[in-house]
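One-letter residues, chain by chain:
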Amino acid sequence: MPEPFDFSASLARLLDHRELDVQELADRAGLSADRVRAVLEGEAPGEDLLRRLAAALGLHAVDLFILAGVTVPDDMAPLDASAERWVSRVVRDAVHVSAAGRRELLQFIRSLPQEERRSVFAPKRLALLVDGPGDRVIRMLRYRNLNWMGMAETLAFTTPTYLSAATYGVIGSGRKEPAPSLVTDFAAVLGIDALELAALTGVFLPEMPASPTPRAVDAAALLWETRRLSAAQARHVSELARSMRGDSHRCLINRPES
């Protein structure tokens, strides 16, 4: 049976990958070296420390909370869980729009007014067989407001990975370890460097990963920004993406960039 996921080891691997020492990270985060060292030695991190570390490391705080196994604060969660039905549709159509069109769509999303949160975002935890990297990465995708089908569609349209929706549930429960190629593709849609996600999850990549495609990079940005939308706003963005795409091209998975 694999060892339970260890955040201290995860953070240590990331620092080693970046060739970053404890004092330098502490200085960037406005923390004492002793506090950082304590986490690296296994002490459970608190909310303030995780926020500071995320900012210092240039990571989304929500991802660091998930990796640390700490409850994600409401302010870091997607605004509206019911928007998930539209999120993957935005990506599905946006990847068939020109790069300039995707930038325009992203700017439009950012221009939308921030609505009030009306419900708590609380994705159900799966019954874990193994507390491993699969659970952590799948939760990171859930906090992009993607359900299993949304994950399947998003990765199929932006990366070489084509898996059933149920397979993402299997990975999230720890019954299937994410393969190195899948970690690379997860990294693309999460907007994280593949080598860094490998370090954070402890999954060894046997070869240097290829850079994500432009549409995968744009998809990651769209996923992140749509987290702040209500269901009505997300539906409007989805309809806009569909109209920008038009009906002149068939819906093909991984259609090469024109």
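Residues numbered from 1 in each chain as written. Predicted model: local features only at pLDDT ≥ 70, side-chain atom pairs only at ≥ 80, totals over all residues. Heavy atoms only, no water.

Participant: I'd like a rundown of the pattern of salt bridges, residues and numbers included.
Facilitator: Here the structure, examined in full by the defined rule, presents 17 salt bridges. With a closest N to O distance of 3.7 Å, R92 and D93 form a salt bridge. Here R92 falls in the partly exposed class, since its relative accessible area comes to 23%. R235 is the salt-bridge partner of E239, the closest N and O atoms lying 3.3 Å from each other. Pair noted here: E239 and R235 are both in helix α14 (residues 231-245), with a separation of four residues, about one helical turn. Connected via shared salt-bridge partners are R92, D93, R242 and R245. (Salt bridge = Lys/Arg side-chain N within 4 Å of Asp/Glu carboxyl O. Buried < 20%, exposed > 50% of the residue type's maximum accessible area, 1.4 Å probe, protein only. Helix = DSSP H or I, 4+ residues; strand = E, 2+ residues; numbered from the N terminus.)

Participant: Before we move on, can you summarise the nonpolar core with the specific residues and values?
Facilitator: Among the nonpolar cores identified, the biggest contains 60 residues, and L53 and F186 are the most heavily contacted of them. Counting 14 residues, the second-largest nonpolar core is a separate cluster that includes L106, L112, L222 and A234. (Core = buried A, V, L, I, M, F, W, Y, C linked by side-chain atoms within 4.5 Å.)

Participant: Give me the lowdown on unusual backbone geometry, citing residues and values where you can.
Facilitator: Phi at E19 takes a positive value of approximately 55°, unusual for a residue other than glycine. Tracing the sequence through the fold places E19 in the loop between α1 (7-18) and α2 (22-29). At N145, a position not held by glycine, the phi torsion is positive, near 65°. Position of N145 among the secondary structure elements: in the loop between α8 (133-142) and α9 (148-158). Here N145 falls in the buried class, since its relative accessible area comes to 0%.

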